[in-house]
Each structure stands twice: as structure tokens, then as C-alpha cells.
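Working through the structure, step by step
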Amino acid sequence: MEFVELKKHIRSAKPFPCYYCYGDDDFVLSRAVAIVGELAKEPKIFNLVDKTFDTPQSLADELSQLPVMSEYRVVVVRGKYDVGTVDAYLKNPNPFVVLVIVNYMPHDSWAYSTAASPPSGAAAVCCNRLDVKYVIPFVRKHTESTQSNISDDTVRLLYDRCGGYMTRINAESQKLALLRAGKEITEQDVGEQVKADTEFVVFDLCKSIIDGNPSRALEIADGMAKNNDVVAAFTMLYNRFKRIFVAAVDPDGLNALGLKPSQIGMLKAESARIPKVKLKKILDMLAEADFAYKTGAMSQQDALTSFIARAAYAG
């Protein structure tokens, strides 16, 4: 299930024996754990266990205990755990215990997607970055607390500049609400106060290359060099152009990459603006530039600059 479905499920249905919470957003993961943790009533010091288990036996012992003055006991497992212990437990789970496995899966920009592997009998809860439509009301709660206003478009810009990560969005929206208390928070405020996430910068860089605007692309690259983001730029540029290429040659294949519908729509729109031959050339150029700096033939900055200049003029 998706994270946004979890609260309604927990409050209206019988809980599963185990919830496998996975994803690339720490904030969303923490909220998922907190929602399931609501099942554990006082005394929570006993009914809610949240820790890393050093031995299989210590985990098995916690799962075998009964709750105190509560219908359920919640056991949250952090870090690595003994798979065999969990698999054996889920074949005959304690009906009064809800197991929560937390698996933070960092965004892997080289891979198509990172596959989750929940144990058999566990309910998987996707805690990847939320769609912006769920973020808009969240941000508004912060702005309303200081009588400030923010438009949907401004929230979308904030979302993009934070890379969609709720940890940053939470902090930045609170900061903006305080700075602009009683006033309108504008796109200019977001641009001045919120540092752009590397993913947003790379998106802007790709757009400039596709548009054939080398001056803007080189300006962005210069800013990335000042922020020491050049290595990340190569990884993320390759990933983005690879996905655009997939959108061009096999649009249906995007559904297998773990992307949201809004991301798929954006990639299809980008692929329609650039010939497949040019896309292939850009990927080849990027591979050549990556090889050049990794073998020492060029510095990272020179390799990126060379790629941008060639790619923006590619025919």
C-alpha cells in the first residue's frame, strides 16, 4: 500500500502481523512508523519497542511477549535483522504483536528502481517521496500558523527545489512561514531562501540541453561546480537522459521503473521534444565525458563543460 493509505487502514481495519515500510524519504518513513505505533497504548515503554536487534534470539523474545493494558504491542526493527527469524515468526505470528520493519532505501540514480523485498506475510508500505498534491495541504498547515499565504504554484516550486523530500520541505516551509508571517510567500521568496536540491538543478540542466541553450546550461554547471555537485551531476544526468530515452523507445516500459504517473508524463513530454538519434548521441557523449574524467584525461569540471557544449549543439 502507499503511505497515504496507511492511516485510514490502521484506524479502520485489523492490522497485519507485519508492516514492511520502505522508501527514500526519512520523514515519510518516520511518519509511517508513528502511525502504526498508535496501536500501542500506555504503558508505551513496554508496548512500543523501537530498536536495532543484535541477535536473532533478542528479536524472537520481543515478538513472543504479550502487551500490557493494550490490545497490541508494536515491535519496530531498525537496521539489519535476521531474515530467518522473521520468516519463521510470520508463519505463526503472535496475534497481539505488530511487527514493523523499517528499510530506508536511498535513491539510486544509476538504477531504474530499487526493488523492495518484504518478507512473506508482510504488508509492504511504500514511503518514497510523496506526490506534490499531498504536500500542498501539509505546507499550508505551517503557513496558516503564521497567517501567511502560499499559492499552489509556489508550493510546487518549493517541492522541486527540495527534491520532493519531506524532511527538507518540512524545515523550509516552517522557515518561510516565519520569515513571511502575515504576508504572501512568493516564488521569489522560495528562490532566494531555499537552496535548490541537486536533482532540481540537474532537471534544469537537462532542460537547457534539450532546448539547445548552452549558455544557460553552462551557467548551471558553473554553479554546480561551486557547490561541489559535479560528480552527482554525471550520475543524475545519465539517469535522467536514460529515462527520457526509455520514454522515447518504449513508453510502456516506464511503468516498470517505479515512477509516479506525474514523472512518467513529464518524461514522455520531454522525449517528444527531442529526436531519438539526438538522445542516443547525448548518452554516448555523456559516457565519453564520464570516462574522460575517471581516467584522468580531463578534470571533472572540464569533462562536464565539454559534454554540455557538445550535447546542447548535438544534431
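These remarks concern the structure in this document. The residue numbering used here restarts from 1 in each chain and proceeds along that chain's sequence as written. Where local features are concerned, this predicted model is filtered to residues with pLDDT of at least 70; where side-chain atom pairs are given and counted, the filter is 80 or more; whole-chain, interface and lining totals use all residues. The basis for every side-chain value is the complete set of non-hydrogen atoms in the structure, without hydrogens or water.

What to know about the side chain of R240
Selection rule: Put simply, DSSP H or I for four residues or longer makes a helix, DSSP E for two residues or longer makes a strand, and each gets a number counted from the N terminus. In protein, a polar contact means a hydrogen-donor-capable atom and an acceptor-capable atom, both N or O and within 3.5 Å, with residues adjacent in sequence counting only if both atoms are side-chain atoms; elsewhere, any N or O pair within 3.5 Å suffices. Contact between two residues is taken to exist if any of their heavy atoms lie within 4.5 Å; hydrogens are not considered.
Tracing the chain through its elements places R240 in helix α12 (residues 230-249). A distance of 3.1 Å separates a polar atom in the side chain of R240 from a polar atom in the side chain of E270. Among residues more than four places away in sequence, those in contact with R240 are F203, C206, M266, L267 and E270.

Quick notes on the packing of helix α4 (residues 56-64) against helix α5 (residues 83-91)
Geometry of a packed helix pair, given as the angle between the helix axes and the separation of the axes. Stated precisely, the cut-off is as follows: Between the N-to-C directions of two axes lies an angle of 0 to 180 degrees, each axis being a line fitted to C-alpha atoms and, for a helix, fitted only over the stretch in contact. Each angle gets one of four labels, with under 35 degrees taken as roughly parallel, over 145 as roughly antiparallel, 65 to 115 as roughly perpendicular, and the rest as oblique. Note on convention: near helix rotated counterclockwise from far helix by under a right angle means a left-handed crossing. Clockwise means right-handed.
Packing of α4 against α5 leaves a shortest axis separation of 9 Å and a crossing angle of 25°. Of the possible angle classes, the one that applies to α4 and α5 is roughly parallel. The crossing of α4 and α5 is right-handed. Contacts between α4 and α5 involve P56, L59, A60 and L63 on the former and, on the latter, T85, V86 and Y89.

Quick notes on the environment of P43
Counted only if it meets this: Think of it in three bands: residues with accessible area under 20% of the maximum for their type are buried, residues over 50% are exposed, and the middle band is partly exposed, with areas taken using a 1.4 Å probe on protein chains only.
One can find P43 in the loop between α2 (26-37) and α3 (44-47). When its relative accessible area of 27% is taken as the criterion, P43 is described as partly exposed. P43 has contacts with V68 and M69, leaving out every residue within four places of it along the chain.

Concerning the pairing of strand β1 (residues 18-23)
The line we're drawing: In this scheme, strands are said to pair when DSSP sees at least two bridges between them.
Counting buried positions along β1 yields 6 of 6 residues, so the element is predominantly enclosed. Summarising the sheet, β1 and strand β5 (residues 123-126) pair through 4 bridges and their orientation is parallel. Paired with Y20 across the two strands is A124, which belongs to β5.

In short, geometric facts, not functional conclusions.
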